[in-house]
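Summary of structural features
Residue-level listing of the chains:
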Amino acid sequence: MRKILPLLLCLALLSACAIGPGASDWRYVLPNGYEMWRVNGCSIVIGYSQDDSGLEERIGAYVCAFCADERYVGAQQVTPPETSDALDTSAPRYYLLDTQEGQLYGPYAQESEYLAQCAALGIQGLNDWVATRPSPDGAIYG
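Residues numbered from 1 in each chain as written. Predicted model: local features only at pLDDT ≥ 70, side-chain atom pairs only at ≥ 80, totals over all residues. Heavy atoms only, no water.

Okay, the side chain of Thr99 next. Within the fold, Thr99 resides in the loop between strand S7 (93-98) and strand S8 (103-108). Within the local environment of Thr99, its side chain forms a polar contact with the backbone oxygen of Arg71, the two atoms lying 2.5 Å apart. Those residues in contact with Thr99, other than ones at most four positions away along the chain, are Pro31, Asn32, Tyr34, Glu70, Arg71, Tyr72 and Val73. (Helix = DSSP H or I, 4+ residues; strand = E, 2+ residues; numbered from the N terminus. Polar contact = N/O pair within 3.5 Å; in protein donor to acceptor, adjacent residues only side chain to side chain. Contact = heavy atoms within 4.5 Å.)

As a further point, take the packing of aromatic side chains. Enumeration over the complete set of coordinates arrives at five aromatic pairs. Ring centres of Tyr94 and Trp129 lie 6.0 Å apart, and the angle between their planes is 55°; this geometry places the pair in the tilted category. Here the residue Tyr94 occupies a position in strand S7, and Trp129 occupies one in the loop between helix H2 (111-120) and strand S9 (130-131), the gap between them amounting to 35 residues. Look at Trp129 and you get partly exposed, because its relative accessible area is 28%. Pairwise contacts between aromatic rings join Tyr94, Tyr114 and Trp129 into one cluster. (Phe/Tyr/Trp six-rings, centres within 6.5 Å; stacked < 30°, edge-to-face > 60°. Buried < 20%, exposed > 50% of the residue type's maximum accessible area, 1.4 Å probe, protein only.)

Turning next to the pairing of strand S6 (residues 72-77). Among the six residues that make up S6, six are buried, leaving the element largely enclosed by the rest of the structure. With burial as the criterion, each face of S6 is covered, one bearing Tyr72, Gly74 and Gln76 and the other bearing Val73, Ala75 and Gln77. In the sheet, strand S5 (residues 63-68) pairs with S6 via five bridges, with the strands oriented antiparallel. Paired with Val63 across the two strands is Gln77, which belongs to S6. Here six bridges tie S6 to S7, and the two strands are oriented antiparallel to one another. Bridge pairing in S7 places Tyr72 opposite Asp98. (Pairing = 2+ DSSP bridges.)

What follows is about the pairing of S7. S7 sits mainly inside the fold: five of its six residues count as buried. The pairing of S7 with S8 spans four bridges and is antiparallel. Pairing of Asp98 across the sheet is with Gln103, part of S8. Counting the residues that bridge the hairpin from S7 to S8 gives four residues, and of these Gly102 lies at a positive phi of roughly 75°.

Of the residues in the protein chain, 84% have a pLDDT of 70 or more, and the chain-wide mean is 86. This stretch, residues 4-21, has a pLDDT under 50; its non-local contacts, to residues over four places away or in other chains, come to one contact. (pLDDT = per-residue confidence, 0-100.)

Below you can see the structure in the form of structure tokens.
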């Protein structure tokens, strides 16, 4: 029994690590019930928060930068990296999310297309792009 007890304790600790969010996972509150979640080192997504039951994903992995005002969220998305160290942000796709209407515009291959959509909607004053790595100021861990 003495040999089994340490083994059971190790198994319990290892299984506890696999349950729930990791220590470096975070969420970031966006306007009108939307959030950005870092699910793991290879996945950062934006979606509509469904209380405590999850996230209805609108912009899939990997969101590498974002900007927002009280209504709109801009996002730069790249191909998810195979490892957290292999992130390539050289050719992002651009999205614009209207959080009041739930309307998603994009993807746009060029930032100029994204900016043209912003101009067409009369959007002014979106803040500068904020990188998601390292985590943005205001990220909520756990």
